[in-house]
Amino acid sequence: MELISSVLGAVSDIASDPYAVLFCCIGVAFLLLSSVLNVHTLLRTADHDYRAVMTYFAGFFVLMFVVPMTLVLVEGPRVGMYPWTLGLRLGDWTKGLAFVAGGAPLLTVGMVLGRRDPALREQYPFSKEALSRPGRFVIYEACYVLFYYLAWEFAFRGVVLFGLLAFLPKTIPGVAVAILVQTFLSTIYHIGHPDSEVVGAFLLGLVAGSAAVVTGSILYGLFAHAVVGVLNDYLAYRRLARTRS
C-alpha cells in the first residue's frame, strides 16, 4: 500500500510540473514514431508510398508539435515557459546568419558526399511517388518542411534543448550536456538509416544545437536542416527527370 501511495505521489508531482509533462509527451511521441508510426513501418503495409509518407508527416506534426505546443500554451505560462522561450523566435539574427553562412560550405560538402552514397540515394525521398509529377513534388516538399522539419526542430532543439537549459547550470558543462542530450536523441532516431546519414545527424545535432544556444532560436537550424533535406530530394527529382527525357 505504501508503494502504491509513493507511486501515485510521484505521478501527481510529474503531472503538476509542465516541464515534466512536456518531456513525457516528447518521450511517448518518440516511442510511437520509432515503432508503430515509423515511416518504414507504414511503408511496409502500404500499397502507395505517397499516402503512407504523408500520414507519417501528419502524425509527426501532431505528436511532436501540436500536442507539445498545446501543453506549452495552456500550462507553460505558470512556469514562465512560452513558445519563444523554446526557441520559436528570431533571436540574434546576426549570429544566426553567421551560422548559416559559416555552415554553407559544410552543407555543400555533405550534399556532394550524399550524392555518392547509393544507400542514401535509395532512402530519399521517403515517397518515390512524390517524384511522379511537379505539382505532387512541390506539395510533398512543402509538407516535408512544415509538418516534419518544423516539428523535428521544435521537439529536439526547442523542447529538449531549451527545456534542459531551464534546469541545468548556466555554465559551459551545463550547456554542453543539453546540446549533447538532444544530439544523441536525434541521432538515435536515425538508427536504421544509412550510416552516412547517422553520422550527419550527429554533426547536425551539434551544430544546430550550438546555433540555437548562441542565437536563442531554433529557426537557423531549421533552415539548414530543411535546405539539406529538400535539396537532396530535388536532386533525386532531377535525376529521374533526366532519365525520362
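As shown above, the structure is provided for reference.
Note that the coordinates shown come from a computational prediction; the quantities given were computed from them, not determined experimentally.

### Looking at helix α9 (residues 195-215)
Three- or four-residue spacings in an α-helix give side chains the same orientation, since the helix completes a turn every 3.6 residues.
Consideration 1: Compared with the 30 Å implied by 1.5 Å per residue over 21 residues, the 30 Å span of α9 between its first and last C-alpha is a close match.
Consideration 2: Among the residues making up α9, those that are buried are Glu197, Ala201, Leu204, Gly205, Ala208, Gly209, Ala211, Ala212 and Thr215. One face of α9 carries all of its buried residues, which in axial projection span an arc of 160 degrees. Seen from the buried face of α9, the exposed residues on the opposite side, beyond 90 degrees, are Asp195 and Val199.

### Points about a nonpolar patch on the surface
Consideration 1: Taken together, the side chains of Val177, Leu180, Val181, Phe184, Leu185, Ile188 and Ile191 define a hydrophobic patch exposed on the protein surface, amounting to about 570 Å² of accessible area.
Consideration 2: With respect to the helices and strands, the residue phenylalanine 184 is situated in helix α8 (residues 172-188).
Consideration 3: Given the relative accessible area of 44%, phenylalanine 184 is considered partly exposed.

### Brief notes about the packing of helix α2 (residues 18-33) against helix α4 (residues 49-75)
Consideration 1: Across the interface, α2 lies against α4 with an axial gap of 10 Å and an inter-helix angle of 175 degrees. Between α2 and α4, the interaxial angle falls into the category roughly antiparallel. Residue-level inspection shows Pro18, Val21, Leu22, Cys25, Ile26, Ala29, Leu32 and Leu33 of α2 in contact with α4, the latter providing Tyr56, Gly59, Phe60, Leu63, Met64, Val67, Pro68, Leu71, Val72 and Glu75.

### What to know about the packing of aromatic side chains
Consideration 1: Following the criterion strictly, the structure yields 30 aromatic pairs and no others.
Consideration 2: Residues phenylalanine 57 and tyrosine 148 carry aromatic rings whose centres are separated by 5.7 Å and whose planes lie at 45 degrees to one another, so their mutual orientation is tilted. One end of the pair, phenylalanine 57, is in helix α4; the other, tyrosine 148, is in helix α7 (residues 134-165), with 91 residues separating them in the sequence.
Consideration 3: On the basis of relative accessible area, tyrosine 148 is assigned to the buried category, the value being 6%.
Consideration 4: Ring geometry for phenylalanine 60 versus tyrosine 189: centroids 6.1 Å apart, planes at 80 degrees, classification edge-to-face. Of this pair, phenylalanine 60 sits in helix α4 while tyrosine 189 sits in the loop between α8 and α9, and the two are 129 residues apart along the sequence. The burial state of phenylalanine 60 is the same as that of tyrosine 189; both residues are buried.
Consideration 5: Arginine 136 extends its terminal NZ or CZ atom over the ring of tyrosine 50, reaching a point 4.2 Å from the ring centre.

### Digging into the pattern of salt bridges
Consideration 1: Counted under the stated rule, the structure contains three salt bridges.
Consideration 2: One salt bridge in this structure joins glutamate 153 and arginine 157, with 2.8 Å as the shortest N-O distance. One end of the pair is glutamate 153 and the other is arginine 157, both in helix α7 and four residues apart, which spans about a single turn. The pair formed by glutamate 153 and arginine 157 is uniform in burial state, with each residue classed as buried.

What counts as what
Residues numbered from 1 in each chain as written. Predicted model: local features only at pLDDT ≥ 70, side-chain atom pairs only at ≥ 80, totals over all residues. Heavy atoms only, no water. Helix = DSSP H or I, 4+ residues; strand = E, 2+ residues; numbered from the N terminus. Expected span 1.5 Å × (residues − 1). Buried < 20%, exposed > 50% of the residue type's maximum accessible area, 1.4 Å probe, protein only. Arc of directions from axis to C-beta. Patch = residues over 30% accessible without salt bridge, like charges linked within 9 Å, V, L, I, M, F, W, Y side chains within 5 Å. Areas by Shrake-Rupley, 256 points an atom, 1.4 Å probe, with all protein chains shown as cover. Salt bridge = Lys/Arg side-chain N within 4 Å of Asp/Glu carboxyl O. Axes fitted to C-alpha atoms, helices over the stretch in contact; angles between N-to-C directions. Parallel < 35°, antiparallel > 145°, perpendicular 65-115°, else oblique. Contact = heavy atoms within 4.5 Å. Phe/Tyr/Trp six-rings, centres within 6.5 Å; stacked < 30°, edge-to-face > 60°. Lys NZ or Arg CZ within 6 Å of the ring centre and 35° of its normal.

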